[in-house]
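A closer look at the structure
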Amino acid sequence: MVLIEGWSALAGDSPAARATGAELVARWAEPHRRYHTLDHLAAVLTAIDGLAEAADDPVAVRLAAWFHDAVYDGRPGRDEERSAQLAQATLPRCGVDPERVAEVARLVRLTAAHDTLAPGDANGAVLCDADLAILADADYETYRTRIRQEYRHVPDDLFTMGRADVLRRLLATPRLYRTPQAYHLWETRARANMETELTTLASGKV
């Protein structure tokens, strides 16, 4: 599997690293997931490949991508915190140095609210831009549908309110994408996609 090969390139081929990679793949393949799947992980890693030159520590960014939705129960904030804790618990066993482990955990926590990214955070910019690349996707409707499926336990009215709040908060940022390349490639289309979704939500369609 290409993903596992990529993981081994980052974390090594020790028994602990192999076990951690297998655990992460199993988590990303959980049956309740609809959007936050192995396909999403692969897409984020591919986007990072195109933006990596802008990062201070591309290895930390790629490791953070592996962990950023490793725990996913549809509980924003709590999922990211538990994912960060998983990184802190498992990466030292793989031989990752403490400073990088701390950076990975920080980056994972950052994905809970992309609009809180601080100026000058190069690693955070690359990870967040890669995570939000889907917003500019030509098949945005499929993404929107899969997000709703992951929150199928939430009533329509509450989902509409929460989703609209997320979209408005993102749209209120001066720039969705902080790296120059991502901004050039995705900013205009992403904003158009989100505005269209807001209009759809306002019409009562979920």
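To be clear, the structure that these remarks concern was listed above.
Chains are numbered independently. Their residues run from 1 in the order of the written sequence. Local features are withheld for residues below a pLDDT of 70 in this predicted model, meaning they are given only at 70 or higher, and side-chain atom pairs are given and counted only at 80 or more; totals for whole chains, interfaces and linings count all residues. With hydrogens and water stripped out, all remaining heavy atoms of the structure feed into the side-chain values.

**Description of the overall build of the protein chain**
Only DSSP runs of H or I with at least four residues qualify as helices, and only runs of E with at least two residues qualify as strands; both kinds are numbered from the N terminus onward. Summing up its helical and strand segments, the protein chain has ten helices and zero strands in all. Ordered by position in the sequence, the α and β elements of the protein chain form the string α-α-α-α-α-α-α-α-α-α. Only the C-alpha atoms count toward the radius of gyration. The rule for a globule is 2.2 Å times the residue count to the power 0.38. Relative to the 2.2 N^0.38 estimate, which gives 17 Å for 206 residues, the radius of gyration of the protein chain is 17 Å and therefore close to what a compact globule would have. In terms of its C-alpha atoms, the protein chain occupies a principal-axis envelope of roughly 55 × 35 × 25 Å.

**Here's the deal with the packing of aromatic side chains**
The criterion for an aromatic pair is that two Phe, Tyr or Trp rings (for Trp, the six-membered ring) have centres within 6.5 Å, with stacked assigned to planes under 30 degrees apart, edge-to-face to planes over 60 apart and tilted to the rest. Going through the model one piece at a time under the given rule, you end up with six aromatic pairs. Ring centres of Tyr35 and Tyr143 lie 5.0 Å apart, and the angle between their planes is 75 degrees; on these two criteria the pair is classed as edge-to-face. In this pair, Tyr35 sits in the loop between helix 2 (15-28) and helix 3 (38-51) while Tyr143 sits in helix 8 (residues 140-150), placing the two residues 108 residues apart along the sequence. The buried label applies to any residue whose accessible area, calculated with a 1.4 Å probe on protein chains only, is under 20% of its type's maximum; exposed applies above 50%, and partly exposed to all values in between. What makes Tyr143 buried here is its relative accessible area of 9%.

**Thoughts on the environment of Ser83**
Turning to its location among the elements, Ser83 is positioned in helix 5 (residues 78-90). For Ser83, a relative accessible area of 0% gives the class buried. The contact criterion used is simple: two residues touch if any of their non-hydrogen atoms lie within 4.5 Å. When residues no more than four places from it in sequence are discounted, the contact partners of Ser83 are Phe67, His68, Asp69, Ala70, Val71 and Val108. A polar contact is formed between the side chain of Ser83 and the backbone oxygen of Phe67, at a distance of 3.5 Å. We call two N or O atoms a polar contact when they sit within 3.5 Å, provided that within protein one can donate a hydrogen and the other can accept it, with sequence-adjacent residues counted only if both atoms are side-chain atoms.

**Describing helix 8**
All of the buried residues in helix 8 are Tyr140, Tyr143, Arg144, Ile147, Arg148 and Glu150. Seen along its axis, helix 8 keeps its buried residues to an arc of 160 degrees; they face one direction. Here the arc refers to the directions that run from the helix axis out to each C-beta atom.

**What about the pattern of salt bridges?**
We define a salt bridge as a contact between a side-chain nitrogen of Lys or Arg and a carboxyl oxygen of Asp or Glu at a distance within 4 Å. If you walk through the whole model with that rule in mind, you get 14 salt bridges. For Asp13, the salt bridge goes to Arg18, with nearest N and O atoms at 3.6 Å. The class of Asp13 is exposed, set by a relative accessible area of 53%. Arg18 gets classed as partly exposed once you look at its relative accessible area, which sits at 45%. When salt bridges with common partners are traced through the structure, they connect Glu103, Arg106 and Asp121 into a single cluster.

**With respect to the nonpolar core**
We call a set of buried residues a nonpolar core when its members are Ala, Val, Leu, Ile, Met, Phe, Trp, Tyr or Cys and they connect through side-chain atoms within 4.5 Å of each other. Residues Trp7, Trp66, Phe67, Leu91, Leu135 and Tyr177 are the most contacted members of the largest nonpolar core, which totals 65 residues. Among the elements that line this core, the one with the most residues is helix 4 (residues 58-67), at seven residues. Dropping the residues within four chain positions of it, Leu91 is found in contact with Trp7, Leu63, Phe67, Val96, Val101 and Val104.

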